[in-house]
Number of protein chains: 2
Amino acid sequence: MHKEHNLSKNQQIIFDLIDKSPEPLKAYTILFNVQKKGIKAPLQVYRALDKLVEIGKIHKIESRNAFIACHNSSCQVAKATAFSICEICEKVTEISSAGLSKYLANFKDKDGMKYSKYNLEFFGLCKKCR
Amino acid sequence: MHKEHNLSKNQQIIFDLIDKSPEPLKAYTILFNVQKKGIKAPLQVYRALDKLVEIGKIHKIESRNAFIACHNSSCQVAKATAFSICEICEKVTEISSAGLSKYLANFKDKDGMKYSKYNLEFFGLCKKCR
DNA sequence: TTATTAATGTTATATTATTACACAGCGTTA
DNA sequence: TAACGCTGTGTAATAATATAACATTAATAA
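Note that the coordinates shown come from a computational prediction; the quantities given were computed from them, not determined experimentally.

**Things to note about the interface of chain A and chain B**
Taken together, the contacts link 35 residues of chain A with 35 residues of chain B. Carbon and sulfur atoms supply 61% of the area buried between chain A and chain B, which totals about 3,000 Å² over both sides. At the surface where chain A touches chain B, the tally comes to two salt bridges. The salt bridge partner of Glu87 of chain A is Lys117 of chain B, with a shortest N-O separation of 3.7 Å. Linking chain A to chain B there are twelve residue pairs in polar contact (both at pLDDT 80 or more). Looking at the side of chain A that touches chain B, the elements that each hand over two or more residues are β4 (80-86), α4 (98-105) and β6 (114-125) of chain A. If one sorts the elements of the side of chain A that touches chain B by residue count, β6 of chain A sits on top with twelve residues. Taken together, the residues of the side of chain A that touches chain B sort by class into 15 nonpolar, ten polar and ten charged. Pairing of β6 of chain A with strand β5 (residues 114-125) of chain B, which is carried by eleven bridges, proceeds in the antiparallel orientation. In the strand pairing of β5 of chain B, Gly124 of chain A is matched with Tyr115 of chain B.

What follows is the structure, encoded as structure tokens:
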């Protein structure tokens, strides 16, 4: 259904790190963690992140400037993202809700703008922190 | 229905600037524009912005690191924001849709997380740019 | 008045992200 | 094969965004 991307060396290193992280990672945290693998400069990280976001392997949590791996079946849906964010422990979860996706994909505003993409971030308290 | 906040001097200066701007303003653009009024340091701007966001007079467009004045009736709804963003001309419009607000306010995910707030950003092409 | 909270002013610094330039690898195609 | 386009890499420098720390003043409440 969707194209498999062969990740380059830097992309793979950085994806692996993000993928196994239980929490969103920031660019410079990533940089620090991959320096032992030979990635030395911010730009190397940002380039890999840009590409990974573009192909839907990771998502950026805009309100946190951090990145998490996609957990929607390898992500055909990089253009329709929704997350829940706990304001205490900062746990971030990707929301997979057919109802929500459908509602938002079909949403039309009065200005007749045509949407190709959206990002939704919910904030609140997770079970543990409540 | 909602409390009127008496803005402080810096808050008022910065709110006025944002309010009369047709487009979202970035913090350092604001700083540059209010230096003639005696606001000299980034922190003075950020403090005013923080407060204005907190009381709902302005919103932050997270994907753009920029700020716009609220246009939802002086904003009782700082906790439920939705915007449309044109990816070409960067025009940003606040969406007021009772249906959308209602849908999102009532949205429950499977983890039973309780949401107190959300931010939604739609991306696409506006009428002009289509 | 006194205490408390909110706002200000200032310097320095931390964090996040991009520009610019040089080059390497790979597949196409002429 | 050579020339080309495309993607990715490496490196240095710098731009853009945001906060920490500390001292002071203004506004509000007790």
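More follows now that the structure is in view.
**A word on the domain arrangement of chain A**
Residues and elements named next belong to chain A. Segmentation of chain A into domains returns domain 1 (9-69) and domain 2 (80-124). Computed from C-alpha coordinates alone, the two centres of domain 1 and domain 2 are separated by 22 Å. Contacts between domain 1 and domain 2 engage nine residues on the former and nine residues on the latter. In total, about 730 Å² of surface goes out of reach between domain 1 and domain 2, with carbon and sulfur atoms giving 57% of it.

**Digging into the pairing of strand β3 (residues 80-86) of chain B**
Residues and elements named next belong to chain B. With six of seven residues buried, β3 is to be regarded as a mostly interior element. With seven bridges joining them, β3 and β5 adopt parallel strand pairing. Each residue of the ladder has a partner; that of Thr81, found in β5, is Asn119. Strand direction decides the pairing type here: β3 and strand β4 (residues 92-94), joined by three bridges, are antiparallel. Bridging across to β4, Phe83 finds its partner in Glu94. Between β3 and β4, which follow one another and run antiparallel, lie five residues, and Glu90 among them has a positive phi close to 70 degrees.

**Observations concerning the relation of the copies chain A and chain B**
When chain A is brought onto chain B, the operation consists of a screw motion whose angular component is 180 degrees and whose axial shift is 0.0 Å, with 0.0 Å RMSD remaining. Those values place the two copies in the arrangement expected of a two-fold rotation axis. In terms of proximity to the rotation axis, the leading residue of chain A is Leu120 of chain A, whose C-alpha is 2.1 Å off the axis. Most of the interface of chain A is mirrored in chain B, where 100% of its interface residues are also at the interface.

**Topic: the protein's contact with DNA strand D**
The environment of DNA strand D is formed by 16 residues, the closest being Gln44 and Arg47 of chain A together with Lys26, Leu43 and Lys60 of chain B. When the atoms of DNA strand D within 4 Å of the protein are sorted by group, sugar and phosphate make up 48%. In the environment of DNA strand D, a phosphate oxygen lies 3.5 Å from a nitrogen or oxygen atom belonging to the side chain of Gln11 of chain A. Of all elements in the fold, only α1 (9-20) and α3 (42-54) of chain A together with α3 (42-54) of chain B reach the threshold of two or more residues within the surface near DNA strand D. Residue contributions to the surface near DNA strand D peak at four residues, all from α3 of chain A.

Basis of the calculations
- Residues numbered from 1 in each chain as written.
- Chains lettered and ligands numbered in written order.
- Predicted model: local features only at pLDDT ≥ 70, side-chain atom pairs only at ≥ 80, totals over all residues.
- Heavy atoms only, no water.
- Contact = heavy atoms within 4.5 Å.
- Buried area = accessible area lost by both parts, 1.4 Å probe.
- Salt bridge = Lys/Arg side-chain N within 4 Å of Asp/Glu carboxyl O.
- Polar contact = N/O pair within 3.5 Å; in protein donor to acceptor, adjacent residues only side chain to side chain.
- Helix = DSSP H or I, 4+ residues; strand = E, 2+ residues; numbered from the N terminus.
- Nonpolar A, V, L, I, M, F, W, Y, C, P; charged D, E, K, R; others polar.
- Pairing = 2+ DSSP bridges.
- Domains from an automatic or database assignment.
- Buried < 20%, exposed > 50% of the residue type's maximum accessible area, 1.4 Å probe, protein only.
- Least-squares fit on C-alpha atoms with pLDDT ≥ 70 in both.
- Near = heavy atom within 4 Å.

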